[in-house]
Amino acid sequence: MHDLPSNVICLPQTNQLEALLTIIRDKNTNRGDFIFYSNRIIRLLVEEGLNHLPVVEKAIVTPTSTKYEGVGFKGKICGVSIMRAGESMEQGLRDCCRSVRIGKILIQRDEETALPKLYYSKLPPDIDDRYVLLLDPMLATGGSAIKAIEVLLSHGVKENKILFLNLVAAPEGIEAVTKKYTELKIVTASVDKGLNDKKYIIPGLGDFGDRYFTLP
Ligand code: PRP
Ligand code: URA
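- The chain has the name uracil phosphoribosyltransferase in an unreviewed UniProt entry, where Rhizophagus irregularis is given as its organism.
- Its UniProt record gives the chain the following Cofactor (unreviewed entry) comment, quoted word for word: "Mg(2+)".
- The heading Sequence similarities (unreviewed entry) in the UniProt record of the chain holds the text "Belongs to the UPRTase family."

As structure tokens, this is what we get:
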């Protein structure tokens, strides 16, 4: 297990999570199963991410006419997916947060250089007033995530209101993002060994976007 910066949360490596990760890492897993089991992990990530949002005291009265001193979420949220692979995480967020607003940032890695290029962004107009759940299943070199975070900051989002939800991370990507940004949080399901010479995560699971959206 790697020593992680304090702003990186790795989901507990339970038997269940290990089994789900094993299925999606397997090169023989077909697209239907890849989608189903990735969605299971995405749900766990969203649930954990929501645990890191602040709450305020909230008193209610139960049907037994008893006062209950509870809590309610503080502040507004939205999701922002890094297209294309991050779009796979939108439904998991919607399943937990009804009618949540979702912004999009289209960033693609160059196949040869692995450098990210920003093509497009469309974000909720009041995003500077929201907590942002940034969605991308793969954190490899960190280039795409850093570019997406720059876009969010340029729209007035506060760094400490960004929660980056991620399925598989390379230590190189974690280091690149956390060296630059110390106030945001990263929630990941796995920290892998590293990157290969093509900047793919090892052991990883291959190209997430292809496996989720286009492969047979
Ligand atoms: C993948 C992935 C991340 C990025 C991670 O996207 O979804 O966005 O690579 O790599 P990095 O940390 O080295 O930047 P890709 O650009 O391949 O596009 P896709 O979502 O269409 O698959
Ligand atoms: N993008 C992916 O989909 N997989 C990797 O391993 C790295 C970047």
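So much for the structure itself; the text now carries on.
A word on the packing of aromatic side chains
Working step 1: Inspection of every chain in the model, using the stated rule, returns four aromatic pairs.
Working step 2: With 4.9 Å between their ring centres and 80° between their planes, Phe 36 and Tyr 37 make a pair best called edge-to-face.
Working step 3: Given the relative accessible area of 45%, Phe 36 is considered partly exposed.
Working step 4: Here the guanidinium or amino end of Arg 109 rests over the ring plane of Tyr 200, the centre of that ring lying 5.4 Å away.
Working step 5: Between the NZ or CZ atom of Lys 161 and the centre of the ring of Tyr 131, over which it lies, the distance is 4.7 Å.

Description of the pattern of salt bridges
Working step 1: All told, the structure shown has 11 salt bridges when counted by the stated rule.
Working step 2: Measuring nitrogen to oxygen at the nearest pair gives 2.8 Å for the salt bridge that ties Arg 25 to Asp 192. Note that Arg 25 is positioned in helix α1 (residues 15–25) and Asp 192 in the loop between β10 (185–191) and β11 (194–195), a separation of 167 residues in sequence.
Working step 3: Overall, Asp 192 belongs to the buried group, its relative accessible area being 4%.
Working step 4: For Lys 104, the salt bridge is made with Glu 87, and the minimal N-O distance between the two is 2.9 Å. One end of the pair, Lys 104, is in strand β5 (residues 102–109); the other, Glu 87, is in the loop between β4 (76–83) and α3 (90–96), with 17 residues separating them in the sequence.

Here we look at the site of ligand 1
Working step 1: Inspection of the region around ligand 1 gives 16 residues, with Ala 85, Arg 109, Asp 136, Thr 141 and Ser 144 positioned closest.
Working step 2: One nitrogen or oxygen atom from the side chain of Gln 108 is found 3.0 Å from an oxygen atom belonging to ligand 1.
Working step 3: Contact distances for ligand 1 include 2.6 Å between an oxygen atom and a side-chain N or O atom of Thr 141.
Working step 4: With the chains in place, 92% of the 500 Å² that ligand 1 exposes on its own is no longer accessible.
Working step 5: Ranked by residues supplied to the shell around ligand 1, first place goes to β5 with three residues.
Working step 6: Along the lines of polarity and charge, the residues of the shell around ligand 1 split into six nonpolar, six polar and four charged.

The rules behind the values
Residues numbered from 1 in each chain as written. Chains lettered and ligands numbered in written order. Predicted model: local features only at pLDDT ≥ 70, side-chain atom pairs only at ≥ 80, totals over all residues. Heavy atoms only, no water. UniProt positions renumbered as here; feature names shortened; annotations may be inferred. Phe/Tyr/Trp six-rings, centres within 6.5 Å; stacked < 30°, edge-to-face > 60°. Buried < 20%, exposed > 50% of the residue type's maximum accessible area, 1.4 Å probe, protein only. Lys NZ or Arg CZ within 6 Å of the ring centre and 35° of its normal. Salt bridge = Lys/Arg side-chain N within 4 Å of Asp/Glu carboxyl O. Helix = DSSP H or I, 4+ residues; strand = E, 2+ residues; numbered from the N terminus. Near = heavy atom within 4 Å. Polar contact = N/O pair within 3.5 Å; in protein donor to acceptor, adjacent residues only side chain to side chain. Areas by Shrake-Rupley, 256 points an atom, 1.4 Å probe, with all protein chains shown as cover. Nonpolar A, V, L, I, M, F, W, Y, C, P; charged D, E, K, R; others polar.

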